[in-house]
Amino acid sequence: MTSSTISRIRQSQIAQLITSGKRLDGRGLMDYRPIQIETGIIEKAEGSARVRLGKTEVMVGIKIEIGEPFSDRPDEGVLTTNAEFVPLASPEFEAGPPGEDSVELARVVDRGIRESKAIDLEKLCIIPGKKVFIVFIDIYVLNHDGNLIDASALAALAALTNTKIFKYEVKDGEVEIKSGFEKLPLVNFPVAVTLADIGGRLVVDPWLDEEEVMNARLTISFDKDGKICAMQKGGSGTLSPQQIIEAVKIAKEKSEELRRLVVKEG
Amino acid sequence: MTSSTISRIRQSQIAQLITSGKRLDGRGLMDYRPIQIETGIIEKAEGSARVRLGKTEVMVGIKIEIGEPFSDRPDEGVLTTNAEFVPLASPEFEAGPPGEDSVELARVVDRGIRESKAIDLEKLCIIPGKKVFIVFIDIYVLNHDGNLIDASALAALAALTNTKIFKYEVKDGEVEIKSGFEKLPLVNFPVAVTLADIGGRLVVDPWLDEEEVMNARLTISFDKDGKICAMQKGGSGTLSPQQIIEAVKIAKEKSEELRRLVVKEG
Amino acid sequence: MTSSTISRIRQSQIAQLITSGKRLDGRGLMDYRPIQIETGIIEKAEGSARVRLGKTEVMVGIKIEIGEPFSDRPDEGVLTTNAEFVPLASPEFEAGPPGEDSVELARVVDRGIRESKAIDLEKLCIIPGKKVFIVFIDIYVLNHDGNLIDASALAALAALTNTKIFKYEVKDGEVEIKSGFEKLPLVNFPVAVTLADIGGRLVVDPWLDEEEVMNARLTISFDKDGKICAMQKGGSGTLSPQQIIEAVKIAKEKSEELRRLVVKEG
Amino acid sequence: MTKEVRLVNKKGIRTDGRKPDELRPIKLEVGILSNADGSAYIEQGKNKILAAVYGPREVHPRHLALPDKALLRCRYHMAPFSVQERKSPAPSRREVELSKVIREALEPAIFLERFPRTSIDLFIEVLQADGGTRVAGITVASLALADAGLPMRDLVAACAAGKADGYIVLDLNDIEDKEGTADVPVAYMPSLNAVGLLQMDGQLTPEEFEQAFNLAIEGCKRIYELQKQALKAKYLAIKEAVEEAEEK
Amino acid sequence: MTKEVRLVNKKGIRTDGRKPDELRPIKLEVGILSNADGSAYIEQGKNKILAAVYGPREVHPRHLALPDKALLRCRYHMAPFSVQERKSPAPSRREVELSKVIREALEPAIFLERFPRTSIDLFIEVLQADGGTRVAGITVASLALADAGLPMRDLVAACAAGKADGYIVLDLNDIEDKEGTADVPVAYMPSLNAVGLLQMDGQLTPEEFEQAFNLAIEGCKRIYELQKQALKAKYLAIKEAVEEAEEK
Amino acid sequence: MTKEVRLVNKKGIRTDGRKPDELRPIKLEVGILSNADGSAYIEQGKNKILAAVYGPREVHPRHLALPDKALLRCRYHMAPFSVQERKSPAPSRREVELSKVIREALEPAIFLERFPRTSIDLFIEVLQADGGTRVAGITVASLALADAGLPMRDLVAACAAGKADGYIVLDLNDIEDKEGTADVPVAYMPSLNAVGLLQMDGQLTPEEFEQAFNLAIEGCKRIYELQKQALKAKYLAIKEAVEEAEEK
């Protein structure tokens, strides 16, 4: 992602337009690209969703398994988030163990879900200290055209709203799977909003070419009550304190728009 | 193996000879190289064999350990096959984790044994769902001069015929090893036969120089009852449907010859 | 470490001086560099020490955890020694899994402790066959200026003298941690002494520039009773039998000096 | 094979309602990812598989480049959520083997010699697995290669046949694959009459094998027609888009 | 957060005796490792962290070299004995992420364009962790970069603020980090008024965030003064040593 | 050492019938693998070990090449089936260490400076382990190097001595290695009077060490004679084969 795959001319064009309040793809500075959300597309997964954000395309699958709790949280289920930059998504992606960009993506999405307490993990305890549900959130990037964080956070939330857990009974310390499903106890709805500083101005939802030009980005996740639950500055540049305060205000508003796309009573 | 270590001249020589029904090393198209089989050479292994197929040399060691069954097969032992291309066997082999060629070799040999149900895995169950015997088949290539699959399958079969399992008793859910051994419950005798298409003609048992010239290869494993239990086409060329049907006929006959080298009442 | 980071001229200067009984840094052939030992510097570790040997600086941290014993030693605690050549210690060190030099370092230090039976491992058994204490000795090289083995062995010994284990009770097969600590049962005090052959003469405690010039090195570990408990020849040259016998005599004497720095009643 | 599962009923009908020689419903789409040089998507039964091609492009690392032809690389990979029990994202031995045999099935279809010193990188991602992913993967990969504009000797169509409950059946689904008697995946180039992939596991007499093999070839031919339709549909769509643009 | 832990008492005093807006005791040392081109050491509360810089030097492997500036690489790493439960020496996902955000916080401070085709390698080793290691790591790394003689736009000072028991508090310690409501680590270059690192986890209203963020900036400014003192002390020591040497 | 095991009986006879200063039966074969440039095989007690040499050849990766001499690389490796409990094929830390000390024992024997910019790759495969594999590995590797036609200063003979049940014993077998008091493996070049490998573990007084060390050197000298015989046998065989060929 460090290599400049777009020309210098195009770069300065993008930056210049933005200083005059316009974007190369015609959007306003505060506009997201068109968003399409589909859920339940992978029948074998306990939950799934695909989000298209412009040409960026991300799939999230949720798998639920029975495993052991962490020793310091014996009566809580376990949440684990993983992101794969599969090489079909971009000429820049390579097969192999996750690099720093996919680790960061997974951890930022995870943080939004975890810190907003979106999943009631105590309800995922089966036998305290022994057996709990493990929720695997697998983020699968299918086409990378910028702003993977917002697309992935949205896909993760959509997939979680759509997740079912098999019913079970505990008999003599053994777990028996029963037929039928229950909904995942999802109690909060975190949404991530990313802004980029390009030439000193903030824009939301940077696409790939803008990411190559941007100075820095800031992701802010809001929960359903309008509280911030995660933030992440990225990129090799800096932001001013004033920009950060402004970004919080913009992101709060945008997060509500995004949440309404997934949750009816946002 | 993709690098041409033999000259173009030699390559065309090999191919031309074959079209006239001859081979550079004097064999007929349907002749195997001389085969030597020794068993029981590694006293510390539960079973072992060394096969020399011309200059190709393969050793197989069998280790038996107690472990857990797969959750979907609680009352069966576990079979696991691994192949090491140790770097002393060829200038082309490198130390490190198994590459695609050794993974393919292990899996093709494994498939022949598994699909012919050669080992009665149910007899390897000790305590259902808890403890079973794990059979490790380790293929160790010592000198690579072509047709590793047939040599390895033969060495694996010879080593299995020679494998003993320690006696045991179950007391209060614990396994106690007793003195003495029993034979591994081996109930079928799969044998692999590999043919190569060189210049449109089929030959059996290609040696290394022929493998570099060949268009494609086809391995067919037969069990003791004359049933096919595994097939694998290899190489970057193609075969015609007619060649495939012909290959099956040849391989059936050859498999019986090979089996007689290992099993008396083949 | 194979690359010559010092000039040929300096190399021959070092070697020539030594043949005339002198060293470039002013030391006598049988002198160690100044040694500084601090213990208990990492409060979160069960034991810790930092050793400065001239400009060489090594830290050792001891962590104690509860785990399973080895199946062939069901009533003994487990000792495990690891060495990290963290890249801040030398321009030659690289991040990544341990290379052969750090594996050798860890194993030589480990051998001295293990073979002298320094830790009474039987006292670290909690429930035979089920639960024992695992002692992790982590060697952390902070600045590499030669003779890492002696510095690390000394730091490990100092850290072990300083190690405490939490008290516990076994109730119904479960281990309960109680407040308070006991001393690690340390019953021997092994010390390593390394000599280098430079130009046919033996010197103790080679620094980095001498290590680049040396023919070979020999490390000899002595326990508190004057018995040898580990030896390791290193380097791509050879030693004569006479040198080896001489080295043992020198090392015995030096080991007593070193031990007195750590243990009062050495 | 521990439990008795009935795969074909007395009327010769399979668990999903098909006759023995019937393919599952197949949906093919070409050119669906914007970054890849070529891409395609297949649904075959509940299989959902994406393929993408990058190249011909510079080879990394460079010493792998071949002087006389393009280097074809292939990665067959399953998403963690594509199967019942979550799959670790690290490549399994099965994925390593399938990547190899798929590459060997497709290599003879491409004029690699026209692009020396380059690489053609093919990625197959199984989003949902339902039996027969390797053959569906070849079918869709072949379309992605064509979509990338690579000159090809023929399209590669792939299909499995096998044996279940005594019947020779076409295009095995997940349960037939796991509980059936044998599985014979085949990749075939109809206009060249050439087989690029052939594997088998299970137990078949030589006669049964011949039957199953011929049925698989027949399946390949039917899939080949679907592949050609999908490519035509794509290029018709492009043509229309271009013409519309010109009219404006 | 399963147990109720009291982090700030009725008098507004924290578990370690500090007031809400008070920093922990900080000790800084510059130039303490002989092999590195630059190095520094920090103690902040019970945090004990070393940083070392090698470079500008030749890049390995060479193809990573950048034509127009130095390549800054950063490794944040925790010693196995630095935390309560032994940490495996292999880098965790947390360490991978922190290495990235720390690099991105320091990169804008260095005139990298003056050293094209070289690498500057920064290593941060946490010897003991006590909450806030990433910000303490940036503070000490910034000194190591300066000690290496690299031309810098400004020193980078870093500090966290957060919320615990309803209070907005500065410089969270280990228990406040784990049991508190929110944590906002910030890296800041005072003379440029520029924020290079900003993260947050927990729950804060926008108003609370603004308070915490401003407090963190205030903390950075105080730490900045300590950084400058530490550098001065180092250079005074050198000056004295040189003068002494000259007198002899 | 938890159980009492009697290693030397009252008559001074060891568990395998040997006297304290007696070697195990040794069988050596030279030139037994067709692909390697040099190869050899040893049986010593129940040890069964193969060694093969490739080179001097081009170094991969190239940046490892040395300007003034050949790069000697050595891999000591145990087959999974060579020991009682199956060994994972991935190299253990023990194997990493032994590969290093074996290389350092053999390096001084070869005129590496005659082959600058090349590599000499030595592979030792333990097919069955029975105590003393590192020394038997050096003995057989030395023959493989000679078989590869590499110019050598001397053959390297290797042997261990140690202490068991109060006796200083030569050439420890598996049980003596595990249950004995001490083990001293030595590699020695007799005509140069030079020790290339020396390790020790266990407990020995300096006097006992000297005894054991001298006994090991004595063992090396006897093995050296066997090595020379094996090489002669090989070259006699070749000579005969050549002469026979000429007669025809």
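Conventions we followed
- Residues numbered from 1 in each chain as written.
- Chains lettered and ligands numbered in written order.
- Predicted model: local features only at pLDDT ≥ 70, side-chain atom pairs only at ≥ 80, totals over all residues.
- Heavy atoms only, no water.
- Helix = DSSP H or I, 4+ residues; strand = E, 2+ residues; numbered from the N terminus.
- Rg over C-alpha atoms; globule rule 2.2 N^0.38 Å.
- Buried < 20%, exposed > 50% of the residue type's maximum accessible area, 1.4 Å probe, protein only.
- Contact = heavy atoms within 4.5 Å.
- Areas by Shrake-Rupley, 256 points an atom, 1.4 Å probe, with all protein chains shown as cover.
- Lys, Arg positive; Asp, Glu negative; His and termini not counted.
- Charge placed at Lys NZ, Arg CZ, Asp CG, Glu CD.
- Buried area = accessible area lost by both parts, 1.4 Å probe.
- Salt bridge = Lys/Arg side-chain N within 4 Å of Asp/Glu carboxyl O.
- Polar contact = N/O pair within 3.5 Å; in protein donor to acceptor, adjacent residues only side chain to side chain.
- Pairing = 2+ DSSP bridges.
- Axes fitted to C-alpha atoms, helices over the stretch in contact; angles between N-to-C directions.
- pLDDT = per-residue confidence, 0-100.
- Phe/Tyr/Trp six-rings, centres within 6.5 Å; stacked < 30°, edge-to-face > 60°.
- Core = buried A, V, L, I, M, F, W, Y, C linked by side-chain atoms within 4.5 Å.
- Expected span 1.5 Å × (residues − 1).

Trainee: Sorry if this is basic, but what is going on with the overall build of chain A here?
Mentor: In terms of helices and strands, chain A carries 5 helices and 12 strands. Rg of the C-alpha trace for chain A: 20 Å, near the compact-globule value of 18 Å for 266 residues, within the 12% margin. When the backbone C-alpha atoms are referred to their principal axes, chain A occupies close to 70 × 40 × 30 Å. Evaluated residue by residue, chain A yields a buried proportion of 60% over its 266 residues. In chain A, of all internal contacts separated by at least 6 residues, the share reaching a separation of at least 24 is 68%. Entry remark: accessible area of chain A is about 10,500 Å², with carbon and sulfur atoms responsible for 49%. Between the mean site of the 35 positive side-chain charges and the mean site of the 42 negative ones, chain A shows a separation of 4 Å.

Trainee: Could you clarify how one ought to interpret the overall build of chain D in this entry?
Mentor: Per the secondary structure count, chain D includes 4 helices and 9 strands. Secondary structure of chain D in N-to-C order comes out as β-β-β-β-α-β-α-β-β-α-β-β-α. A globule of 248 residues ought to have a C-alpha radius of gyration of about 18 Å, and chain D, at 19 Å, matches this closely. Overall size of chain D, expressed as C-alpha extent along the three principal axes, is 60 × 50 × 40 Å. Per-residue burial over chain D gives 60% buried out of 248 residues. Pairs at least 24 residues apart make up 68% of the contacts formed inside chain D by residues separated by at least 6 positions. For chain D, the computed accessible surface area is about 10,000 Å², with 52% contributed by carbon and sulfur atoms. Within chain D, the 38 negative side-chain charges are centred at a point lying 2 Å from the centre of the 35 positive side-chain charges.

Trainee: Please explain the arrangement of the chains as it appears in this structure.
Mentor: Taking C-alpha atoms only, the smallest gap left between chain C and chain D, which are not in contact, amounts to 19 Å. The two units chain B and chain E never meet; even their closest C-alpha atoms stay 19 Å apart.

Trainee: I'm lost on the interface of chain A and chain E in this one. Help?
Mentor: In this complex, chain A contributes 41 residues to the contact, which on the side of chain E involves 33 residues. Summed over both sides, the interface of chain A with chain E buries roughly 3,100 Å², with 54% coming from carbon and sulfur. In this assembly, chain A and chain E are joined by 4 salt bridges. For Glu97(E), the salt bridge is made with Arg111(A), and the minimal N-O distance between the two is 2.5 Å. Between the two partners, chain A and chain E, sit 18 residue pairs in polar contact (both at pLDDT 80 or more). Secondary structure elements with two or more residues in the side of chain A that touches chain E: strand S4 (78-84), helix H2 (100-115), strand S11 (216-222), strand S12 (228-234) and helix H5 (241-262) of chain A. If you tally residues by element for the side of chain A that touches chain E, the top one is H2(A), at 8 residues.

Trainee: So what exactly am I meant to see when it comes to the interface of chain B and chain F here?
Mentor: Quoted interface sizes are often the accessible area lost when the parts come together. Residue-level contacts link 28 residues of chain B with 30 residues of chain F. Where chain B abuts chain F, roughly 2,400 Å² becomes buried across the two surfaces, and 58% of that area is made up of carbon and sulfur atoms. Together, Lys44(B), Leu88(B) and Tyr140(B) form the three largest contributors to the area buried by chain B at its contact with chain F, with a combined 30%. Put simply, chain B and chain F have 3 salt bridges between them. Ionic pairing is found between Lys48(F) and Glu43(B), a salt bridge with its closest N-O pair at 3.9 Å. The interface formed by chain B and chain F contains 17 residue pairs in polar contact (both at pLDDT 80 or more). For the side of chain B that touches chain F, the secondary-structure elements that each account for two or more residues are strand S3 (56-67), strand S4 (78-84) and strand S6 (131-143) of chain B. By residue number, the principal contributor to the side of chain B that touches chain F is S3(B), which donates 6 residues.

Trainee: Sorry if this is basic, but what is going on with the sheet that holds strand S5 (residues 118-128) of chain D here?
Mentor: Residue and element names in this part refer to chain D. Taken in spatial order, the 5 strands line up as S1-S2-S3-S5-S4 in an open sheet, and their pairing is mixed. Where the open sheet ends on each side, the last strands, each with one partner, are strand S1 (26-30) and strand S4 (71-78). Here the strands of the sheet are splayed against their neighbours by 15° on average, with no regard to which way each runs. Note: S4 against S5, 8 bridges, orientation parallel. Bridge pairing in S5 links His77 to Glu125. Sheet contacts for helix H2 (residues 133-147): S1, strand S2 (38-44), strand S3 (47-58), S4 and S5; angle to S2, the most-contacted strand, approximately 150°. In the packing of helix H4 (residues 206-247) onto the sheet, the strands contacted are S1 and S2, and the crossing angle to S1 comes to about 35°.

Trainee: Teacher, can you tell me more about the confidence of the model for chain D here?
Mentor: Low-confidence regions, as indicated by low pLDDT, have predicted coordinates that should not be scrutinised in detail. Model confidence for chain D is summarised by a mean pLDDT of 95, while 98% of its residues fall at 70 or above. Scoring of the predicted complex yields 0.95 for pTM and 0.95 for ipTM.

Trainee: Explain the pattern of salt bridges to me, please; I cannot follow it from the model alone.
Mentor: Opposite charge on two side chains permits them to pair, given that their charged atoms come into close proximity. Going through the model one piece at a time under the given rule, you end up with 152 salt bridges over all chains. In this structure, Asp25(C) engages Arg27(C) in a salt bridge whose closest nitrogen and oxygen atoms are separated by 3.0 Å. On the basis of relative accessible area, Asp25(C) is assigned to the partly exposed category, the value being 34%. A relative accessible area of 9% places Arg27(C) in the buried class. Residue Lys27(E) is joined to Glu43(E) by a salt bridge in which the shortest nitrogen-to-oxygen separation is 3.9 Å. Taken together, the residues Lys27(E) in strand S1 (residues 26-30) and Glu43(E) in strand S2 (residues 38-44) connect sequence positions 16 residues apart. Owing to a relative accessible area of 39%, Lys27(E) belongs among the partly exposed residues under this scheme. Through salt bridges with shared partners, a single network forms among Arg23(A), Asp25(A), Arg27(A), Arg33(A), Asp145(A), Asp205(A) and Glu210(A).

Trainee: Sorry, what's going on with the packing of aromatic side chains here?
Mentor: Between two aromatic rings, the relevant description is the distance of the centres plus the angle of the planes. This model, assessed by the stated rule, comprises 18 aromatic pairs over all chains. Where Phe133(A) meets Phe166(A), the ring centres are 5.6 Å apart and the plane angle is 70°; that geometry is what we call edge-to-face. A residue pair is termed long-range when its members are at least 10 positions apart, and Phe133(A) in strand S6 (residues 131-143) and Phe166(A) in strand S7 (residues 164-171) qualify at 33 residues. Relative accessible area serves as the criterion here: at 2%, Phe133(A) is assigned to the buried category. Residues Phe209(E) and Phe213(E) carry aromatic rings whose centres are separated by 5.6 Å and whose planes lie at 20° to one another, so their mutual orientation is stacked. Separated by 4 residues within a single helix, Phe209(E) and Phe213(E) lie in helix H4 (residues 206-247), roughly one turn from each other.

Trainee: What am I meant to see in the sheet that holds strand S12 (residues 228-234) of chain B here?
Mentor: Backbone hydrogen bonds hold the strands of a sheet together, and the pairing may be parallel or antiparallel. The 8 strands are arranged S10(B)-S9(B)-S11(B)-S12(B)-S9(D)-S8(D)-S6(D)-S7(D) in an open sheet whose pairing can be described as antiparallel. A strand with exactly one partner marks an edge of an open sheet, and here the two such strands are strand S10 (201-204) of chain B together with strand S7 (167-170) of chain D. The mean inter-strand angle of the sheet, taken between neighbouring strand axes irrespective of direction, is 20°. Running over the sheet, helix H3 (residues 148-161) of chain B touches strand S9 (191-198) and strand S11 (216-222) of chain B and is turned about 175° from S9(B). Strand contacts of H2(D): strand S6 (157-164), strand S8 (182-189) and strand S9 (194-204) of chain D, with the helix running at about 160° to S6(D), the strand carrying the most contacts.

Trainee: Honestly, the nonpolar core in this entry has me stumped. Any pointers?
Mentor: One broad trend across soluble globular proteins is that nonpolar side chains are buried collectively. Within the largest apolar cluster, 139 residues are counted, with the highest numbers of intra-cluster contacts made by Ile119(B), Ile137(B), Val186(D), Leu198(D) and Phe209(D). The residues touching Ile137(B), leaving out its near neighbours within four places in the chain, are Val60(B), Gly61(B), Ile62(B), Leu79(B), Thr80(B), Thr81(B), Asn82(B), Ile113(B), Ala156(B) and Leu160(B).

Trainee: Explain helix H1 (residues 8-19) of chain C here, please?
Mentor: Because the α-helix completes a turn every 3.6 residues, residues three or four places apart line up on one side. Residue and element names in this part refer to chain C. Taking 1.5 Å per residue, 12 residues should reach 16 Å; H1 reaches 17 Å between its end C-alpha atoms and fits that length. In the core, the buried residues of H1 are packed alongside strand S9 (191-198), strand S10 (201-204) and helix H4 (208-213). Following H1 by one or two positions, Gly21 adopts a phi angle in the positive range, close to 80°.

Trainee: Hey, could you run me through the side chain of Ser142(F) in this one?
Mentor: Within the fold, Ser142(F) resides in helix H2 (residues 133-147). A polar side-chain atom of Ser142(F) sits 2.9 Å from the main-chain amide nitrogen of Val156(F).

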